[in-house]
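# Analysis of the macromolecular model
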Amino acid sequence: MKVGGSNEGATGATNDLVMRLNEMFAAVAGWSFDHRWYVVALGAASLVVSLVLASGMEIDSSYEAYFDPDDTTYLEYEQYRDDFGSDEASYILYRVPGVEHGPWNHAVMQKLGSLTEALEDEVPFVYEVTSLANAELMVGDGDDIEIHKLTDEFPETQAELLALRDLYLAKPMMVGGIINEEADYAAIIIDMDRSSTDPLEEIRVDPNGGDGLDNLYPQATNNAIAEILARPEYAEFEFFHSGDVPLNAVFNEIIESEGPLLDLITAIVIALLLAFFFRTAVGVIAPIVVVQLSVIMTVAFIVAVGWKIDLSFTGAPTLLTAIGVAHAVHILSEFRHRFRKYGDRREALVKTMYLVGAPCLFTSVTTAIGFASMAVAPIKTISHSGVYSAFGVMAAFFLSFTLLMALLSFGRRTPRKRKAANEEAQPSLGDRLLERLLQGTVSLITRHRRAVLAAFAAVFVFSVGGITQIIADSNWLNDFSDRMPLKHITIKVDEVMGGVTNLLLLFDSGEPDGIKNPEALQEIDRLQQWANQQEMVRKSYAITDILKDLNQTFHGNDPAHHVLPDSRELAAQYLVLYESAGGEEAEEYVSSDYQIASLELRLALGMTSDTANLIAGFEEQMRATPLEATTVSMTGIGMLWVKLLDYIVDSQIYGFAIAFCVIALIMVILFRSVSTGLIAMIPNISPVFLTLGAMGWLGIPLDYNKVFIAAVAMGIAIDDTIHVMTRVRYEFMRLGNYEAALREGLMDVGRAILITSIALVLGFLVLTASVLHSQAIRGMLLATTIVTALIADFLLMPALIKTFQPFGRETRTNEELEATAPGGASGSLEAVHSAPVR
């Protein structure tokens, strides 16, 4: 078949490649039809094996899910936890409305004592509970000190308790930690001796109780706390429970329950869509069975490689369901047409796979590449999600040309006979609407090609302007939607006390007891005083606070003496007296050998960039006045988030670059032409750029939840381009005319592309029902990208093909085509499909 131009040889080679692939898929379709019970049995066996593997999945909502075990920042954080213990805690803010003196009411304080004791005794994995009932109050006694706790010697009268209140309010270390300045709010701090990253055997409440969430930390701990707080004896308290334990517990619940729920909603929505367009039971059930099996296989793959289910997985079932059904839609659309044409189910399936097998393969590969490109991301959870999502896409493709073929084989071998021989099948309402839309699209391209190109050029410029405005930033609380009570509770805690995130500075003196040196203490104090002046720092804790309190206590509680001791000997003497009196809080801020001390900063809720600015401020302080007695390293949750911020930009750039280069290479190989391959990429860059540009103009920050948007969106968007390009090229080889090829090609595959795009958009929009605001935004961004990709494939791609004529020179004019069609100019182009091209 001669088409003219320099592309003839390349086109022939490409046709040979595609033809061989199509013949292979056609053979597989025929085999699957002939051996359908074997295929169904293998599918059932795969389901059983996958379910067995998936039953062993573990959930990880911890920060470990984001970092590679060898990451330097994460290793420093782990070292801190080895030295000072777990930094996870529950923070219970409370008030007692309608009661005189609030938290300092005599009866209320007695109940607080019993509540503190219940939390210590009944909550699993508790290291220490601190409240007003057992907080250390240092009191001078001549040359000695005494450490008082309300639970040791409870005041007999309300007046005595109020006098003690004044002493507590005079202690800076108390205010902003377990009591506010107005004394109408107080807090209970529950420190844990476990972390969410600990091995399963260490976080089970009942060693023989299994690995259900309710038997594991932090879920079991959070449930126990909630049960105690809900008891009738504490009904007059108004509690606001936040902190690591409830936050991680809620994340675990979301991971366990929301993914399957959203997947179910997606399956129902897509099933209704399939029923509307295809109107057959097998056309609805078979695709849903295939995509759901691919989701279960993906979970099994995660377990098989030793990974855990984390927050990145919550949207994966929905994404895989929406993406996986695309192959089924193309197959079903083509199969229904061929079944009516040939009148034989087996022949229709074989011809269907001959036509769509290779395009579906290439679309699956490009989508998988879009996901897999994120495997290079230094954020572990993103890297893992890229790999298992790519696996899920390829699993859905494999099942589409094997199991789906077998399932479609069930049914009438021939179409229903019509009442009259000349009776034509009546198209559905959906078919009529789609045909009208496609005809209007082709007419628009034919008449206004230059205007379309100019409009897309303007959109591209607009998008580039927005991309320059994108900022990389995050706020972990923004993950939650406003529908979640815990979000409002956490905001309340931050407003009253503050400090739900921490930043830690570790001072290493280089020798045992080195922290007791005045020079080391002064360096800690200098940076602490600077930190306390920063708006983001709500509260700070260090060994210097205890030493200042000791010094003040030994000087008649005079606030003027709330300063550090002026000699090593005096500091050492104070600490000996403190420990002898039963003081225990110091061990939280200094190592047992007094070589390393920590400065813990409790930070107000804010963007990660604010924490980065605070860290930069510390670094500037240390450059201006270098430390001499100690060396400092920074860690803590705040530092981990800042590190993630650095990773986000790199991940976006590297992921998009890899996806673009590999997908472009595949396009060049598929069409055996560099120019044709690059033309095919243009409609797929446009929607990605538009989405990123919109993020920039709307002020939506690029965070760890959106880092894969560009690469994955391009991998998905290229699917429709492949179907359009391959079908238009096929029609051009038959017709020798670009306008006719575009009309026939879009009318052939346009229906399936529209249905798959609708399925993808609806599937992604299901994510807007998530209780995670970040998931909802991601769903909307992906849905927007698919809509713009569809517009680009139906408008920009045909305009580019008509302009650059990538498949060779035209060999027939419109007039010649009309002349060869039955009925002359009014005839259909369908008749010339069998006519040879000159």
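The following paragraphs examine the structure supplied in this document.

Cut-offs used in this document
Residues numbered from 1 in each chain as written. Predicted model: local features only at pLDDT ≥ 70, side-chain atom pairs only at ≥ 80, totals over all residues. Heavy atoms only, no water. 1 Å grid on protein atoms, 1.4 Å probe; cavity = no way out; pocket = protein on both sides within 12 Å on 5 of 7 lines; lining within 4 Å. Points joined across faces, edges and corners; volume = space filled by probe spheres on them. Helix = DSSP H or I, 4+ residues; strand = E, 2+ residues; numbered from the N terminus. Nonpolar A, V, L, I, M, F, W, Y, C, P; charged D, E, K, R; others polar. Buried < 20%, exposed > 50% of the residue type's maximum accessible area, 1.4 Å probe, protein only. Contact = heavy atoms within 4.5 Å. Core = buried A, V, L, I, M, F, W, Y, C linked by side-chain atoms within 4.5 Å. Lys, Arg positive; Asp, Glu negative; His and termini not counted. Salt bridge = Lys/Arg side-chain N within 4 Å of Asp/Glu carboxyl O. Phe/Tyr/Trp six-rings, centres within 6.5 Å; stacked < 30°, edge-to-face > 60°. Lys NZ or Arg CZ within 6 Å of the ring centre and 35° of its normal.

Quick look at the layout of surface pockets now. Over the atoms rolls a probe the size of a water molecule, and in doing so it shows where empty space is left. Taken as a whole, the second largest pocket encloses approximately 960 Å³ of empty space. For the second largest pocket, the lining is made up of 46 residues, of which I189, D191, E588, Y589 and E600 are closest to its centre. For the lining of the second largest pocket, the secondary-structure elements that each account for two or more residues are α3 (72-84), β1 (89-95), β2 (126-130), β5 (186-192), β8 (537-541), α18 (543-553) and β9 (596-603). Residues of the lining of the second largest pocket, tallied by class, amount to 18 nonpolar, twelve polar and 16 charged.

Take the environment of D244 next. Residue position: D244 is located in helix α8 (residues 244-278). The class for D244 is buried, based on a relative accessible area of 16%. With 154 residues separating them in the primary sequence, D244 and S90 have C-alpha atoms 5.9 Å apart. D244 has contacts with D87, E88 and A89, leaving out every residue within four places of it along the chain.

This next bit is on the nonpolar core. Membership of the largest hydrophobic core comes to 205 residues, with the highest contact counts inside it found for L119, L132, F480, M667 and F764. By residue number, the principal contributor to this core is helix α21 (residues 637-671), which donates 15 residues. Each residue touching M667, except ones within four places of it in the same chain, is listed here: T366, G677, A680, M681, I718 and I722. In this structure, M173, A586, L601 and F618 belong to the second largest nonpolar core, which totals 42 residues.

Note that D263 resides in helix α8. Despite being buried, D263 has no salt bridge partner; R778 is the closest side chain of opposite charge, sitting 13 Å away. Residues contacting D263, with those up to four places away along its chain left out, are Q292, V295, P317, T318 and T321.

What follows concerns the environment of G343. For G343, the location among the structural elements is in the loop between α10 (316-342) and α11 (345-372). Since its relative accessible area comes to 22%, G343 is described here as partly exposed. Sequence separation between G343 and R412 is 69 residues; the distance between their C-alpha atoms is 10.0 Å.

Counted by the stated rule, this structure contains 31 aromatic pairs. An angle of 55 degrees between the planes, with centres 5.5 Å apart, marks the rings of Y94 and F237 as tilted. Of this pair, Y94 sits in strand β1 while F237 sits in the loop between α7 (219-229) and β6 (238-243), placing them 143 residues apart in sequence. Each member of the pair, Y94 as well as F237, is classed as buried. Ring centres of F301 and F391 lie 4.4 Å apart, and the angle between their planes is 10 degrees; this geometry places the pair in the stacked category. Of the two residues, F301 sits in helix α9 (residues 281-304) while F391 sits in helix α12 (residues 380-400), which places them 90 residues apart along the sequence. According to the relative accessible area criterion, F391 is partly exposed, its value standing at 29%. An aromatic cluster of at least three residues, connected via ring pairs, comprises F25, F397, F398 and F401. Directly above the ring of F339 sits R345, whose terminal nitrogen or CZ lies 4.8 Å from the centroid. Over the ring of Y541 we find K539, and its NZ or CZ is 5.7 Å from the ring centre.

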